[in-house]
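Listed below, chain by chain, are the residues.
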Amino acid sequence: MMEEDKEVKPSLSVHGHNIKVTEVLRDGDTLTFLIISQKLSGTGEYHVHRTHSDFEWLQQHLFSQEDVPGIQGVIFPPLPAKVQMNASAKVMKQLGFLGLGEWQLYCKALETFLQQVASHTILSTNRTVEIFLTSTDPPGRQRVKKNIFNRLSQAVEEMRKEGHKDVDEFFQTERDHNLALSGYTRTAAERFLDVVLTEQKIAVACGHFSAALHLCVEHGEDPDKQAFSKTCVKLSEVFDCMKKNMTNVAEKDANSLGLGLDLRSRCLDAEKEMLFRRTCKLVELENATRNAEKAKPLKKAAMEEVKKAAETEFNHISGVAKDEIVRFQGERVKMLQQTLVQWCEQQLHTAKETAEQFDQHLQAFRGMA
Amino acid sequence: MADTARDPPLENTDFHELEDGEDLFPEPSATQETGPANLPAQYISANLNGPKQDSLFDDDPEDLFAEATEEVSLLDSPEREVLLSDGPSPAITPITPPTSVINPRVTLAHDDMFTHSSFDEIEEEEGGDSFDIHISVSDPEKVGDGMNAYMAYKVTTKTSLSSFKNSDFSVKRRFSDFLGLHSKLASRYLHIGYIIPPAPEKSIVGMTKVKVGKEDQSSNEFVEKRRSALERYLMRTVKHPILLKDNDVLQFLESSELPRAVSTQALSSAGLLRMVNKAADAVNKMTIKMNESDAWFEEKQQHFENLDVQLRKLHISVESLVCHRKELSVNTAQFAKSAAMLGNSEDHTALSRALSQLAEVEEKIDQLHQDQANADFYLFSELLGDYVRLITAVKGVFDHRMKTWQKWQDSQMLLQKKREAEAKLQFTNKPDKLQQAKDEIKELEGKVQQGERDFEQISKTIRKEVSRFEKERVKDFKTIIIKYLESLVQTQQQLIKYWEAFLPEAKAIS
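Quantities reported herein were computed from a predicted structural model and do not represent experimental measurements.

### Some points on the overall build of chain B
Now for step 1: A tally of regular secondary structure across chain B gives 12 helices and 3 strands.
Now for step 2: For chain B, buried positions account for 56% of its 510 residues.
Now for step 3: Total accessible area on chain B is roughly 22800 Å²; 54% of this is exposed by carbon and sulfur atoms.

Here is the structure:
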């Protein structure tokens with residue numbers, strides 16, 4: 001539950017839902033992204049250039065809002081990993097769909113990140129979001145102090161807490177559910193990526209075949225030679241058509257379902273992080289409670305204080321978390337529905353177009369003497 | 001994971017002497033040893049048991065004519081590499097002709113010409129006939145067990161041609177029967193310039209799997225591949241007007257029992273002899289330098305060289321496409337599975353149902369990919385492979401012409417020498433030797449004439465064959481392309497249906 005605050009929370013001066021990340025400029029090894037946001041009042045726009053480090057700066061600031069009660073219960077919108085130019089194939093594979101093509105999908109992922117941040121009731125009030133979106137100067141580069149949000153450096157001991165039994169059935173169910181879903185979603189995304197990559201390979205192979213057919217064209221008066229050459233040329237057109245089709249299909253696959261699965265996977269991971277944080281707090285609370293009970297009379301009061309603090313924090317987190325989970329579930333369903341509909345419509349359109357083209361070629365061949 | 005679904009289209013094994021790019025039937029050695037004792041003998045024999053001594057000395061051309069149209073076999077010098085059929089007798093038994101046998105060959109000059117002209121007549125008759133025969137190869141059945149097992153195929157012929165006894169009939173044949181047929185046809189027609197469709201390739205690895213009884217997808221694919229190849233082989237063979245009239249072809253299609261062709265086995269003595277002769281032959285081929293007076297032949301040879309290179313490139317390209325298509329099928333199936341798992345773990349009902357539907361759609365699409373991969377393969381890849389092998393046969397026929405030319409030239413050179421020797425003998429007092437020399441010269445003159453006629457005949461035949469081949473090629477490709485396009489259109493229509501069925505499901509999620 002959101003804490004009622006008498007302070008006026010700073011609000012964003014731009015719309016959150018239609019932030020766009022359009023261009024990518026490459027300067028050596030650094031990518032710079034152009035971000036366009038619409039002003040709330042009037043018809044103006046903000047155009048700012050940001051690098052991935054700037055995004056990380058924003059994210060760190062959002063993580064470290066310790067003054068916001070229950071901040072750890074927030075499901076933080078996932079930020080795509082930094083792109084390394086000339087990265088190894090393994091690193092690119094980890095980037096998944098976002099690494100395909102000329103960064104269009106990557107830009108889309110950044111865009112979604114910003115939209116989610118700017119639309120989030122708690123997060124959007126942070127000043128850094130406003131600065132990030134509107135300030136022409138690049139945001140400050142001061143290192144923000146290390147926080148517990150960075151899971152990568154967590155000790156094995158911390159990981160064991162993940163399985164710790166919950167006191168609340170709602171949360172236990174959600175944890176179990178998240179575990180299954182995030183695993184399956186990641187697998188589905190990986191396998192779909194394999195499909196898309198193979199589709200691209202087929203497109204390339206069709207292109208090669210088409211080119212090889214052109215080599216078979218012979219010049220000369222001989223009617224048989226001419227007939228064969230004509231056949232080869234027409235066939236190469238067919239394979240060019242196939243190549244275009246496959247490229248299209250792969251692109252549409254990546255843009256819609258691929259991106260959707262990738263985003264879903266990363267969001268589920270973000271939810272997992274949040275649930276883990278809460279679980280850690282639960283463990284902390286249970287330890288504090290135990291300590292308070294076992295404490296000798298001298299220490300008892302102090303221990304009670306610690307326990308009380310932990311309890312309050314835990315309740316705050318659980319409150320925020322519950323809201324977040326409800327919001328998350330609703331969004332997740334809507335998002336997947338949109339993705340599936342968009343994907344299906346696009347593929348249907350492509351299939352119809354291609355069917356017509358193939359049919360035309362077939363008629364042309366049949367008509368050939 | 002894609003490996004199990006993939007069957008390498010062209011299998012090459014160590015024992016597989018019919019390798020891509022190599023002449024299937026390299027011509028016999030062109031360089032003949034001088035000296036009458038080693039002159040390759042041309043025999044016309046009624047059966048293939050070897051020369052019938054009586055018929056050879058028979059000056060009456062009539063008898064030989066009667067047999068000539070049926071069976072002409074070439075039992076050549078040991079250097080011969082051609083996979084000749086053996087019939088009832090063992091395979092390539094080199095027969096060194098006794099010198100006295102050389103004489104009848106002069107009379108045979110008439111036979112050859114008549115033989116060829118009778119072929120011409122047949123061809124002209126054929127022009128009027130409509131081509132109405134259809135052969136299918138089906139129902140592969142494993143016969144026997146273990147390493148002696150083999151696949152028997154049902155060969156069904158449907159025709160209205162009068163040369164057949166029935167209009168709809170079937171026989172059972174095994175792979176070596178096909179090879180045997182091909183070997184007979186090759187020995188009969190290749191050296192006179194007819195382009196014989198090459199037999200499907202042997203594959204020891206593939207067959208061993210089948211024999212051992214491995215009932216998996218790759219051995220099923222192998223059998224299907226072979227069945228299709230055998231069918232194409234027979235159809236191509238009967239499309240040739242001369243071959244359609246050939247007795248061995250008729251017998252192959254009609255007889256219920258066929259003598260087993262043993263010499264086609266890779267490890268038989270004939271097989272080993274073939275392998276040994278190949279090396280010698282390759283060297284010999286390089287030494288023929290022909291003065292090509294006919295620009296048509298020069299141009300055509302270059303044309304076929306180019307075509308060979310281009311078709312091979314295309315073939316490799318298509319194989320890569322087939323490979324990726326199969327990979328796509330596998331990946332799609334995997335994705336379908338993971339979508340199903342996802343659907344199962346979703347608690348939102350409509351979403352769960354949509355995801356399950358998605359999994360089903362993807363499974364269906366997987367099937368489409370498989371069908372498309374099969375079309376890619378069976379239509380294009382096999383077509384291109386067939387033509388690469390056919391071009392090899394064409395090149396072989398050109399090589400035969402070169403050899404025929406060489407033989408003619410050699411006879412001429414020999415004649416020249418003999419004339420010089422005779423001139424010298426005039427001044428010596430050796431009437432016997434002089435007479436012998438004169439006899440030899442007379443015989444050689446005949447040989448030279450025959451050589452020239454053979455050369456002209458083979459040139460004429462090749463021109464006709466090449467023209468027929470080129471026309472067939474265009475027709476063949478067009479037919480296959482149309483089939484392929486039809487498969488593409490059909491796939492797309494199916495795809496549209498699947499998407500249209502899925503869309504409402506996706507929209508229904510709320």
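### Points about the overall build of chain A
Now for step 1: Helix and strand counts for chain A stand at 8 helices and 3 strands.
Now for step 2: Across chain A, helices and strands are ordered from the amino to the carboxyl terminus as β-β-β-α-α-α-α-α-α-α-α.
Now for step 3: Whereas a compact globule of 369 residues would reach a radius of gyration of roughly 21 Å, chain A reaches 27 Å, over 25% beyond that.
Now for step 4: Overall, chain A is about 110 × 45 × 35 Å in size when its C-alpha atoms are taken along their principal axes.
Now for step 5: Counting every position in chain A, which comprises 369 residues, the buried fraction comes to 49%.
Now for step 6: Sequence separation of 24 or more characterises 75% of the internal contacts of chain A that already satisfy a separation of 6 or more.
Now for step 7: Carbon and sulfur atoms make up 53% of the accessible area of chain A, which amounts to about 18600 Å² in all.
Now for step 8: Of note, chain A has its 48 positive side-chain charges centred 5 Å away from the centre of its 53 negative side-chain charges.

### Some thoughts on the nonpolar core
For soluble globular proteins, nonpolar side chains are generally found buried alongside one another.
Now for step 1: Core analysis: the largest hydrophobic core is formed by 189 residues, its most contacted members being Leu-114, Leu-133 and Leu-340 of chain A.
Now for step 2: With 23 residues, the top contributor of residues to this core is helix 11 (residues 349-426) of chain B.
Now for step 3: Apart from the residues lying within four places of it in its own chain, the contact partners of Leu-340 of chain A are Leu-257 of chain A together with Ala-354, Leu-358, Phe-502, Ala-506 and Ile-509 of chain B.
Now for step 4: If you look at the next biggest cluster of nonpolar residues, it comprises 10 residues, including Trp-405, Leu-415, Leu-444 and Val-448 of chain B.

### Considerations on the interface of chain B and chain A
Now for step 1: If you look at the interface, chain B gives 59 residues, while chain A gives 62 residues.
Now for step 2: With both chains or domains summed, chain B and chain A bury close to 5400 Å², and 75% of this area falls on carbon and sulfur atoms.
Now for step 3: Taken together, the connections running from chain B to chain A amount to 9 salt bridges.
Now for step 4: The partner of Asp-224 of chain A in a salt bridge is Lys-471 of chain B, with the nearest N and O atoms 3.8 Å apart.
Now for step 5: For the interface between chain B and chain A, the tally reads 13 residue pairs in polar contact (both at pLDDT 80 or more).
Now for step 6: When residues of the side of chain B that touches chain A are traced back to their parent elements, those giving at least two are helix 10 (295-345), helix 11 and helix 12 (431-507) of chain B.
Now for step 7: Considering each element in turn, the side of chain B that touches chain A owes the most residues, 24 residues, to helix 10 of chain B.
Now for step 8: A class-by-class count of the residues in the side of chain B that touches chain A yields 29 nonpolar, 14 polar and 16 charged.

### Notes on the sheet that holds strand 1 (residues 133-143) of chain B
All names here are of chain B.
Now for step 1: Reading across the sheet, the 3 strands line up as 1-2-3 and stay open at both edges, with antiparallel pairing between neighbours. In this open sheet, the two edge strands, each paired with only one partner strand, are strand 1 and strand 3 (168-174). Neighbour to neighbour, the strand axes of the sheet diverge by 20 degrees on average, direction disregarded.
Now for step 2: Pairing between strand 2 (residues 150-159) and strand 3: 7 bridges, direction antiparallel. Residue pairing for strand 3: Tyr-153 is matched across the bridge by Arg-173.
Now for step 3: Where helix 4 (residues 175-189) meets the sheet, it contacts strand 2 and strand 3, and its direction lies at approximately 100 degrees from that of strand 3.

### Remarks on the pairing of strand 2 (residues 30-38) of chain A
Residue and element names in this part refer to chain A.
Now for step 1: Of all the 9 residues making up strand 2, 7 are buried; the element is thus mostly covered by neighbouring parts of the structure.
Now for step 2: In this structure, strand 1 (residues 20-27) lies alongside strand 2, joined through 6 bridges in antiparallel fashion. Bridge pairing links Lys-20 to Ile-36 in strand 2.
Now for step 3: The antiparallel hairpin formed by strand 1 and strand 2 contains 2 residues in its connecting segment, where Gly-28 sits at a positive phi of about 70 degrees.
Now for step 4: Inspection of the sheet shows strand 2 paired to strand 3 (residues 45-51) by 7 bridges, in the antiparallel sense. Following the sheet pairing, Ser-37 is matched in strand 3 by Tyr-46.
Now for step 5: Counting the residues between successive antiparallel strands, the hairpin from strand 2 to strand 3 contains 6 residues, one of them, Gly-42, with a positive phi of roughly 85 degrees.

### Re the packing of helix 6 (residues 169-215) of chain A against helix 8 (residues 297-367) of chain A
Residue and element names in this part refer to chain A.
Now for step 1: Two elements in contact, helix 6 and helix 8, have axes whose closest approach is 13 Å; the angle formed by their N-to-C orientations is 30 degrees. Judged on the interaxial angle alone, helix 8 and helix 6 are roughly parallel. Viewed along their axes, helix 6 and helix 8 form a crossing whose handedness is left-handed. Taken together, the residues of helix 8 that come into contact with helix 6 (itself represented by Phe-170, Phe-171, Glu-174, His-177, Leu-181 and Phe-192) are Ser-318, Ala-321, Lys-322, Ile-325, Gln-329, Arg-332 and Trp-343.
Now for step 2: In the contact of helix 6 with helix 8, the residues fall into 7 nonpolar, 3 polar and 3 charged.

### Details of unusual backbone geometry
Residues and elements named next belong to chain B.
Now for step 1: Positive phi, close to 50 degrees, is recorded for Asp-139, a residue that is not glycine.
Now for step 2: In this structure, Asp-139 sits in strand 1.
Now for step 3: For Asp-139, a relative accessible area of 43% corresponds to the partly exposed category.

### Here's the deal with the confidence of the model for chain A
When pLDDT is low, close inspection of the predicted coordinates is not appropriate.
Now for step 1: Per-residue pLDDT for chain A has a mean of 85; in total, 92% of the residues score no lower than 70.
Now for step 2: For the stretch residues 1-7 of chain A, pLDDT sits under 50, and the model shows 6 contacts to residues farther than four places along the chain or on other chains.

### With respect to helix 5 (residues 204-212) of chain B
Residue and element names in this part refer to chain B.
Now for step 1: Three or more residues of helix 5 are buried, namely Gly-206, Met-207 and Val-210. Seen end-on, helix 5 carries its buried residues on one side only, within an arc spanning 90 degrees.
Now for step 2: Considering only its buried residues, helix 5 is in contact with strand 1, strand 2 and helix 6 (217-239).

### Here we look at the sheet that holds strand 1 of chain A
Residues and elements named next belong to chain A.
Now for step 1: The antiparallel open sheet is built from 3 strands, whose spatial order is 1-2-3. Of all strands in the sheet, those with a lone pairing partner are strand 1 and strand 3, marking the two edges. Across the sheet, the mean angle from the axis of one strand to that of its neighbour is 20 degrees, orientation sign disregarded.
Now for step 2: Docked against the sheet, helix 1 (residues 52-63) engages strand 2 and strand 3, running at close to 100 degrees with respect to strand 3.
Now for step 3: Contacts from helix 4 (residues 127-134) reach strand 2 and strand 3, with the element oriented near 95 degrees to strand 3.

### So, the packing of aromatic side chains
Now for step 1: By the definition in use, this model includes 29 aromatic pairs over all chains.
Now for step 2: The structure contains a cluster of three or more aromatic residues connected by ring pairs, namely Phe-228 of chain A together with Trp-296, Phe-297, Phe-304, Tyr-387, Phe-398, Phe-469 and Phe-477 of chain B.
Now for step 3: The aromatic ring of Phe-377 of chain B is capped on one face by Lys-326 of chain B, whose charged end is 6.0 Å from the ring centroid.

### Re the environment of Glu-162 of chain A
All names here are of chain A.
Now for step 1: Note that Glu-162 resides in the loop between helix 5 (156-160) and helix 6.
Now for step 2: Looking at Glu-162, the relative accessible area reads 29%, which means it is partly exposed.
Now for step 3: Distance in space between the C-alpha atoms of Glu-162 and Glu-331 is 25 Å, their sequence separation being 169 residues.

### Digging into the pattern of salt bridges
Now for step 1: Taken as a whole and judged by the stated rule, the model has 47 salt bridges over all chains.
Now for step 2: For Asp-222 of chain A, the salt bridge goes to Lys-300 of chain B, with nearest N and O atoms at 3.6 Å. Pair noted here: Asp-222 of chain A is in the loop between helix 6 and helix 7 (223-294) and Lys-300 of chain B is in helix 10, and the two residues belong to different chains.
Now for step 3: Using a relative accessible area of 27% as the deciding quantity, one classes Asp-222 of chain A as partly exposed.
Now for step 4: Of the charged contacts in the structure, one is a salt bridge between Glu-141 of chain B and Lys-172 of chain B, with a shortest N-O distance of 3.2 Å. Taken together, the residues Glu-141 of chain B in strand 1 and Lys-172 of chain B in strand 3 connect sequence positions 31 residues apart.
Now for step 5: The partly exposed category is assigned to Lys-172 of chain B, whose relative accessible area is 39%.
Now for step 6: A network of salt bridges, in which partner residues are shared, links Glu-201, Arg-232, Arg-236, Glu-382, Asp-386, Arg-389 and Asp-476 of chain B.

### Here's the deal with the environment of Glu-470 of chain B
Now for step 1: Looking at the secondary structure, you find Glu-470 of chain B in helix 12.
Now for step 2: The exposure class assigned to Glu-470 of chain B is buried, which follows from its relative accessible area of 3%.
Now for step 3: Between the alpha carbons of Glu-470 of chain B and Arg-188 of chain B there is a distance of 22 Å; along the sequence they are 282 residues apart.
Now for step 4: With sequence-adjacent residues up to four places away left out, Glu-470 of chain B is seen in contact with Asp-224 of chain A together with Lys-300, His-303 and Phe-304 of chain B.

What counts as what
Residues numbered from 1 in each chain as written. Chains lettered and ligands numbered in written order. Predicted model: local features only at pLDDT ≥ 70, side-chain atom pairs only at ≥ 80, totals over all residues. Heavy atoms only, no water. Helix = DSSP H or I, 4+ residues; strand = E, 2+ residues; numbered from the N terminus. Buried < 20%, exposed > 50% of the residue type's maximum accessible area, 1.4 Å probe, protein only. Areas by Shrake-Rupley, 256 points an atom, 1.4 Å probe, with all protein chains shown as cover. Rg over C-alpha atoms; globule rule 2.2 N^0.38 Å. Contact = heavy atoms within 4.5 Å. Lys, Arg positive; Asp, Glu negative; His and termini not counted. Charge placed at Lys NZ, Arg CZ, Asp CG, Glu CD. Core = buried A, V, L, I, M, F, W, Y, C linked by side-chain atoms within 4.5 Å. Buried area = accessible area lost by both parts, 1.4 Å probe. Salt bridge = Lys/Arg side-chain N within 4 Å of Asp/Glu carboxyl O. Polar contact = N/O pair within 3.5 Å; in protein donor to acceptor, adjacent residues only side chain to side chain. Nonpolar A, V, L, I, M, F, W, Y, C, P; charged D, E, K, R; others polar. Pairing = 2+ DSSP bridges. Axes fitted to C-alpha atoms, helices over the stretch in contact; angles between N-to-C directions. Parallel < 35°, antiparallel > 145°, perpendicular 65-115°, else oblique. Left-handed = near helix turned anticlockwise from the far one by under 90°. pLDDT = per-residue confidence, 0-100. Arc of directions from axis to C-beta. Phe/Tyr/Trp six-rings, centres within 6.5 Å; stacked < 30°, edge-to-face > 60°. Lys NZ or Arg CZ within 6 Å of the ring centre and 35° of its normal.

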